[in-house]
Amino acid sequence: MTRRRGTPDPSGRPKKGIKETQASYQKRLDAWEAKREEDVRAAFQEVLGREVDEGGLVNYLDSGLSGDELRANLASSQEGRRRGSDPTQYGAEVVDIES
């Protein structure tokens, strides 16, 4: 069934224009990015006990790692190991390469 331009969709809601759709998408994207930044900052504080530096923030925001993957990665880092962090606490597998 073809609807005429400007007619409501079958749900009864008015049809959104492209600009409204883009604005709605941008709002959701901004909220997701803010949440992701909050998660990265929390992971650094939890695992390394410090604020994230700008380079680390950019790196981990772009990494696509899940929260546990990020925490395991931080715990496995040189800094994390110095602090005694346990990457297995976040689901990482430890492999003994000497065997």
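Located above this text is the structure these notes cover.
Just so it is clear, the structure is predicted and the values come from calculations on it, not from any experiment.

*Asks:* Can you walk me through the packing of aromatic side chains in this structure?
*Replies:* By convention here, two paired aromatic rings are described through the distance between centres and the angle between planes. Counted according to the given criterion, the structure contains 1 aromatic pair. Plain terms: the ring middles of F44 and Y60 are 5.7 Å apart, the flat faces sit at 70° to each other, and that makes the pair edge-to-face. In this pair, F44 sits in helix α1 (residues 18–48) while Y60 sits in helix α2 (residues 54–63), placing the two residues 16 residues apart along the sequence. For the residue pair F44 and Y60, the accessibility class agrees, reading buried in each case.

*Asks:* Looking at this structure, how should I read the nonpolar core?
*Replies:* Generally speaking, nonpolar side chains in soluble globular proteins are found buried as a group. Among the nonpolar cores identified, the biggest contains 13 residues, and V40, F44, V47, Y60, L70 and L74 are the most heavily contacted of them. For this core, the secondary-structure elements that each account for two or more residues are α1, α2 and α3 (67–76). Looking at which element gives the most residues to this core, the answer is α1, with 5 residues. Filtering out sequence-adjacent residues up to four positions away, L74 remains in contact with A43, F44, V47, L48, Y60 and G80.

*Asks:* Is there a simple way to think about the packing of α1 against α3 in this case?
*Replies:* A packed helix pair is summarised by two numbers, namely the angle formed by the two axes and the spacing between the axes. Their axes nearest at 10 Å, the elements α1 and α3 cross at an angle of 40°. Between α1 and α3 lies a crossing of right-handed hand. Taking contact as the criterion, the partners of D39, V40, A42, A43, F44, E46, V47 and L48 in α1 are, on α3, L70, R71, L74 and A75. Residue composition of the contact of α1 with α3, grouped by class: 9 nonpolar, no polar and 3 charged.

*Asks:* Could you clarify how one ought to interpret the pattern of salt bridges in this entry?
*Replies:* Any two side chains of opposite charge can pair, on the condition that their charged atoms come close. Under the counting rule described, the total for this entry stands at 5 salt bridges. Here R50 makes a salt bridge to D53, at a shortest N to O gap of 3.5 Å. Given a relative accessible area of 38%, D53 falls into the partly exposed group. One salt bridge in this structure joins R50 and E79, with 2.7 Å as the shortest N-O distance. Placement of R50 in the loop between α1 and α2 and of E79 in helix α4 (residues 78–82) is noted, with a sequence separation of 29 residues between them. A relative accessible area of 26% means that R50 is categorised as partly exposed. Several salt bridges converge on common partners, so that one network encompasses R50, D53 and E79.

Analysis parameters
- Residues numbered from 1 in each chain as written.
- Predicted model: local features only at pLDDT ≥ 70, side-chain atom pairs only at ≥ 80, totals over all residues.
- Heavy atoms only, no water.
- Phe/Tyr/Trp six-rings, centres within 6.5 Å; stacked < 30°, edge-to-face > 60°.
- Helix = DSSP H or I, 4+ residues; strand = E, 2+ residues; numbered from the N terminus.
- Buried < 20%, exposed > 50% of the residue type's maximum accessible area, 1.4 Å probe, protein only.
- Core = buried A, V, L, I, M, F, W, Y, C linked by side-chain atoms within 4.5 Å.
- Contact = heavy atoms within 4.5 Å.
- Axes fitted to C-alpha atoms, helices over the stretch in contact; angles between N-to-C directions.
- Left-handed = near helix turned anticlockwise from the far one by under 90°.
- Nonpolar A, V, L, I, M, F, W, Y, C, P; charged D, E, K, R; others polar.
- Salt bridge = Lys/Arg side-chain N within 4 Å of Asp/Glu carboxyl O.

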